[in-house]
Amino acid sequence: MSTPYKELLDIFGDPWFESLEPASQEVLLTQGRPFRVRSGEFVVRKGDPANGFFGVVSGALAASSVLEDGRQMIFGLLEPGDWCGEASSLDGLPRTHDIHAVRNAEVLHIAPPLFEQLMLNVRFARAIAVLQTARTRTMFSFFEDAALRSTRARVVRRLLRLARGDAPALPRSRRVIPITQETLAMMLGLTRQTLSLELKALAATGALSLSYGRIVIESEQTLNSLSEA
């Protein structure tokens, strides 16, 4: 059973979605095909042909890739209200990474013909450009952090980003981050042991607290002061 339209409006009611014309919003939410994926199942695989644009209704997805040594690298988390798949939808080239569910999820699928129809609307096309630009800025910030920041600063900066939403074009704000340490370690390219030590050190400063499956930001000010090391 798919999620009712009024609930979808609340789920996707972030500033990016609200920048669309009401008619485009309605097309996305009423003509998108809902489907469910279980934790661990794939929405798309790296190398798959371009097959549309996706919106996350519930649960969580991860954009990831598997390295030659078998380790998995997570590039970003996609949570309710987030959209993905615009790059292949724009250029028609194969998928550059996997997208799989890290929690049971409901997803809206916008088929290529429908996406192309929406792109004829200038306001929608501009919104897609904003979304893609946000991805590019995020990737550059990750490259900078990996090259120039200490491990602790990288952890802090990723937590601050997760608190504002890892994938939306326009930031949100929250204190509680629903993420496991295993997932966060794969996002940072760290071992679970190294990440655990860093999180415990941050918790000792009072900047955050840890519990099963989530991290709570207790002092954003303290985290910001540690983000440039």
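Position labels on residues start from 1 in each chain and follow its written sequence. In view of the model being predicted, local features appear only for residues whose pLDDT reaches at least 70, and side-chain atom pairs are presented and counted only at 80 or more, with totals across whole chains, interfaces and linings using the full set of residues. Hydrogens and water are ignored here; the side-chain numbers use all heavy atoms of the structure.

Draft legend 1. The overall build of the chain, seen in detail. Secondary structure elements are taken from DSSP: a helix is a run of H or I of four residues or more, a strand is a run of E of two residues or more, and numbering for both begins at the N terminus. If you tally the helices and strands in the chain, you get 10 helices and 9 strands. In this description the radius of gyration comes from C-alpha coordinates, and the expected globular size is given by 2.2 Å times residues to the power 0.38. Over its C-alpha trace the chain gives a radius of gyration of 18 Å, about what one expects of a compact globule, namely 17 Å for 229 residues. Reported as C-alpha extents along the three principal axes, the dimensions of the chain are approximately 50 × 35 × 35 Å. Whether a residue is buried, partly exposed or exposed follows from its accessible area with a 1.4 Å probe, protein chains only, as a fraction of its type maximum: under 20%, in between, or over 50%, in that order. Burial status across the chain gives 45% buried among its 229 residues. Contacts in the chain between residues far apart in sequence, at least 24 positions, make up 71% of those at least 6 positions apart. Methods summary: accessible areas were calculated by the Shrake-Rupley approach with a probe of 1.4 Å, and residue burial reflects only the protein chains presented. With an accessible surface of roughly 11700 Å², the chain has 55% of that area assigned to carbon and sulfur atoms. Contacts are assigned to residue pairs with any non-hydrogen atoms lying within 4.5 Å of each other.

Draft legend 2. Representation of the nonpolar core within the structure. Definition used in this section: a nonpolar core is a set of buried Ala, Val, Leu, Ile, Met, Phe, Trp, Tyr and Cys residues joined via side-chain atoms within 4.5 Å. Counting residues in each nonpolar core, the largest one holds 25 residues, and the members touching the most others are V155, L159, I179, L184, L195, L199 and L223. Considering every element that reaches this core, the biggest residue donor is helix α7 (residues 151–163), with 6 residues. There are two domains that each give this core at least three residues, and those are domain 1 (5–140) and domain 2 (149–226). Not counting residues up to four positions away in its chain, the partners in contact with I179 are L77, L162, L184, M187, G213, R214 and I215. Membership of the second largest hydrophobic core comes to 20 residues, among which are V57, W83, F115 and F124. Residue ranges labeled as domains rest on an automatic or database domain assignment.

Draft legend 3. The arrangement of the sheet that holds strand β9 (residues 214–217) in detail. Two strands are counted as paired when DSSP detects at least two bridges linking them. Reading across the sheet, the 3 strands line up as β7-β9-β8 and stay open at both edges, with antiparallel pairing between neighbours. Each having just a single partner strand, β7 (176–177) and β8 (208–211) make up the two edges of the open sheet.

Draft legend 4. Layout of the pattern of salt bridges. By definition here, a salt bridge exists when the distance from a side-chain nitrogen of Lys or Arg to a carboxyl oxygen of Asp or Glu is within 4 Å. Per the counting criterion, the structure on display carries 11 salt bridges. Between E220 and R164 there is a salt bridge; the shortest N-O distance is 2.9 Å. Taken as a pair, E220 in helix α10 (residues 220–226) and R164 in the loop between α7 and β7 lie far apart in primary sequence, 56 residues in all. Since its relative accessible area comes to 40%, E220 is described here as partly exposed. On the basis of relative accessible area, R164 is assigned to the partly exposed category, the value being 33%. With a shortest N-O distance of 2.9 Å, E218 and R175 are connected by a salt bridge. Residue E218 is located in the loop between β9 and α10, and its partner R175 is located in the loop between α7 and β7; the two are separated by 43 residues in the primary sequence.

Draft legend 5. Summary view of the domain arrangement of the chain. Split by domain assignment, the chain resolves into domain 1 (5–140) and domain 2 (149–226). Opposite the 20 residues of domain 1 that make contact, domain 2 presents 17 residues. What gets called buried area is simply the loss in accessible area from a 1.4 Å probe that two parts show on being joined, summed for both. In this assembly, domain 1 packs against domain 2 so that about 1500 Å² is buried in total across both faces, 54% of it on carbon and sulfur atoms. When the buried surface of domain 1 facing domain 2 is broken down by residue, I74, L77 and E79 rank first, second and third, together holding 33% of it. The interface formed by domain 1 and domain 2 includes 1 salt bridge. With its nearest N and O atoms 2.7 Å apart, the salt bridge here joins E79 to R174. Nitrogen and oxygen atoms within 3.5 Å of one another constitute a polar contact, given that in protein one can donate a hydrogen and the other can accept it, and given that sequence-neighbouring residues count only through two side-chain atoms. On inspection of domain 1 and its partner domain 2, the count reaches 5 residue pairs in polar contact (both at pLDDT 80 or more). Those elements that provide at least two residues to the side of domain 1 that touches domain 2 are α2 (15–18), β4 (72–78) and α6 (122–148). When residues in the side of domain 1 that touches domain 2 are grouped by element, the largest group, 7 residues, is from β4.

Draft legend 6. Highlighting the side chain of T183. Within the secondary structure, T183 is located in helix α8 (residues 181–188). Non-local contacts of T183, meaning those with residues more than four positions away in its chain, are made with I74 and L77.

Draft legend 7. Region of the structure containing the packing of helix α5 (residues 112–119) against α6. One can describe the packing of α5 onto α6 by two numbers: an axis separation of 7 Å at closest approach and a directional angle of 110°. One finds that α5 runs roughly perpendicular with respect to α6. Residues F115, L118 and M119 of α5 form the contact with α6, whose own contacting residues are F124, A125 and I128. To obtain each axis, a line is fitted to C-alpha atoms, and for helices this fit is confined to the stretch in contact; angles are then taken between N-to-C directions over 0 to 180 degrees. Orientation labels follow simple angle bins: below 35 degrees gives roughly parallel, above 145 gives roughly antiparallel, 65 to 115 gives roughly perpendicular, and whatever is left gives oblique.

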